[in-house]
Amino acid sequence: MNAIYLIGFMGAGKTSVSRKLAEALTVTHFDTDLEIVEAAGKSINDIFASDGEAKFREIESAVLKTMPQYDAVIATGGGVVLAEENRRQMRSNGTVIFLYAEIGEILQRLEGDHSRPLLHENKLEAAQSLYSSRLPLYRQTAHYEIDTTSKSVSEIVKEIIVSMN
Ligand code: S3P
């Protein structure tokens, strides 16, 4: 099986869906955010604060290159699609699934979350403008789009499996 990449905005459910999907398909699970934290030896907040977003993106692209091409489900960070090389790599090395959720639901899911540096200030405006600028990038990168709005993790996993068959 080709590697499956889950892409989408923060709070779209990539992490929880990827774990369940990997379990259902009995393949290995990866999460590029976790790999980045491991590679840098510090949290994502600390990378942004001490090294800046550009450095974070550099590590993110480097980590992406180390991901396997087969038998894996890979959860990515919401900004992975910003770099053209990342978009090209995911599309040609695997099957890319965009987990779509409405912005209102995303904001609800992210309520009280402090782990995402891009949303620390002006949460609402920041999230809305990032969301609209990234939507076209998710869509142009993905082979499949799944609407996750109001769905449970197991419903989403089933839908992904059906859509790929
Ligand atoms: C980011 C999303 C985060 C993480 C970092 C930057 C983004 O991942 O990579 O905070 O630019 O959207 P999640 O999408 O898993 O929250």
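Before any of the text, the structure's been laid out above.
Residues numbered from 1 in each chain as written. Predicted model: local features only at pLDDT ≥ 70, side-chain atom pairs only at ≥ 80, totals over all residues. Heavy atoms only, no water.

Enquirer: What exactly am I supposed to notice about the pairing of strand E3 (residues 72–75) here?
Expert: Looking down a regular strand, the side chains alternate between one sheet face and the other. Neither face of E3 is open: one carries Ala72 and Ile74, the other Val73 and Ala75, and all of them are buried. The pairing of strand E2 (residues 28–31) with E3 spans 4 bridges and is parallel. The partner of Thr28 across the bridge, within E3, is Ala72. (Buried < 20%, exposed > 50% of the residue type's maximum accessible area, 1.4 Å probe, protein only. Helix = DSSP H or I, 4+ residues; strand = E, 2+ residues; numbered from the N terminus. Pairing = 2+ DSSP bridges.)

Enquirer: What exactly am I supposed to notice about the site of the ligand here?
Expert: Neighbouring the ligand are 13 residues; Lys14, Asp33, Arg57, Arg116 and Arg134 lie closest to it. At a separation of 2.6 Å, an oxygen atom of the ligand approaches a polar side-chain atom of Arg134. Considering the ligand on its own, with 380 Å² of exposed area, one finds that the protein chains cover 96% of that surface. Of the residues assigned to the shell around the ligand, the class counts are 5 nonpolar, 3 polar and 5 charged. (Near = heavy atom within 4 Å. Polar contact = N/O pair within 3.5 Å; in protein donor to acceptor, adjacent residues only side chain to side chain. Areas by Shrake-Rupley, 256 points an atom, 1.4 Å probe, with all protein chains shown as cover. Nonpolar A, V, L, I, M, F, W, Y, C, P; charged D, E, K, R; others polar.)

Enquirer: Just to check I follow, could you spell out the packing of aromatic side chains for this structure?
Expert: Geometrically, a pair of aromatic rings is defined through the distance of the ring centres and the angle of the planes. Per the counting criterion, the structure on display carries 4 aromatic pairs. Between the aromatic rings of Phe9 and Tyr131, the centroid separation amounts to 5.4 Å while the plane-to-plane angle is 80°, which identifies the pairing as edge-to-face. Taken together, the residues span a long stretch of sequence, with Phe9 in the loop between strand E1 (3–7) and helix H1 (14–25) and Tyr131 in helix H7 (residues 123–141) at a distance of 122 residues. The same class applies to Phe9 and to Tyr131, which are both buried. Where Phe98 meets Tyr138, the ring centres are 5.1 Å apart and the plane angle is 20°; that geometry is what we call stacked. Note that Phe98 is positioned in strand E4 (residues 94–100) and Tyr138 in helix H7, a separation of 40 residues in sequence. This pair shows no difference in class: Phe98 is buried, exactly as Tyr138 is. (Phe/Tyr/Trp six-rings, centres within 6.5 Å; stacked < 30°, edge-to-face > 60°.)

Enquirer: Which parts of the structure should I look at to understand the environment of Tyr131?
Expert: A relative accessible area of 10% means that Tyr131 is categorised as buried. Taking C-alpha positions, Tyr131 is 9.5 Å from Gly8, a pair spaced 123 residues apart along the chain. In this structure Tyr131 touches Phe9, Tyr100, Ala101, Glu102, Ile103 and Ile106, once residues within four positions along its chain are discounted. (Contact = heavy atoms within 4.5 Å.)

Enquirer: Got a minute to help me understand the side chain of Thr149 in this structure?
Expert: Structurally, Thr149 can be placed in the loop between strand E5 (144–147) and helix H8 (153–164). Within the structure, Thr149 has its side chain in polar contact with the backbone nitrogen of Glu102 (distance 3.3 Å). Polar contacts involving the side chain of Thr149 include one to the side chain of Asp147, which spans 2.7 Å. Once residues lying within four places of it in the same chain are set aside, the contact partners of Thr149 are Tyr100, Ala101, Glu102 and Glu105.

Enquirer: How should I be thinking about the layout of surface pockets in this particular structure?
Expert: Empty space among the atoms becomes visible once a probe the size of a water molecule is rolled across them. The computed volume of the largest pocket comes to approximately 530 Å³. As for the largest pocket, its lining consists of 27 residues, of which Met10, Asp33, Ile44, Gly77 and Arg116 are closest to the centre. Of all the elements in the fold, those that place two or more residues in the lining of the largest pocket are H1, helix H2 (32–40), helix H3 (44–51) and helix H4 (53–65). (1 Å grid on protein atoms, 1.4 Å probe; cavity = no way out; pocket = protein on both sides within 12 Å on 5 of 7 lines; lining within 4 Å. Points joined across faces, edges and corners; volume = space filled by probe spheres on them.)

Enquirer: Can you walk me through the pattern of salt bridges in this structure?
Expert: It is possible for side chains bearing opposite charge to pair when their charged atoms get close. In this structure the tally under the stated criterion is 9 salt bridges. The closest approach of N and O atoms between Glu58 and Lys55, which form a salt bridge, is 3.2 Å. Of this pair, Glu58 and Lys55 both sit in helix H4, separated by 3 residues, roughly a single helical turn. What makes Lys55 partly exposed here is its relative accessible area of 35%. A salt bridge links Glu60 to Arg57; the nearest nitrogen and oxygen atoms lie 2.9 Å apart. A residue pair is termed a helical-turn pair when its members lie 3 or 4 positions apart in one helix, as Glu60 and Arg57 do in helix H4 at 3 residues. Using a relative accessible area of 1% as the deciding quantity, one classes Glu60 as buried. (Salt bridge = Lys/Arg side-chain N within 4 Å of Asp/Glu carboxyl O.)

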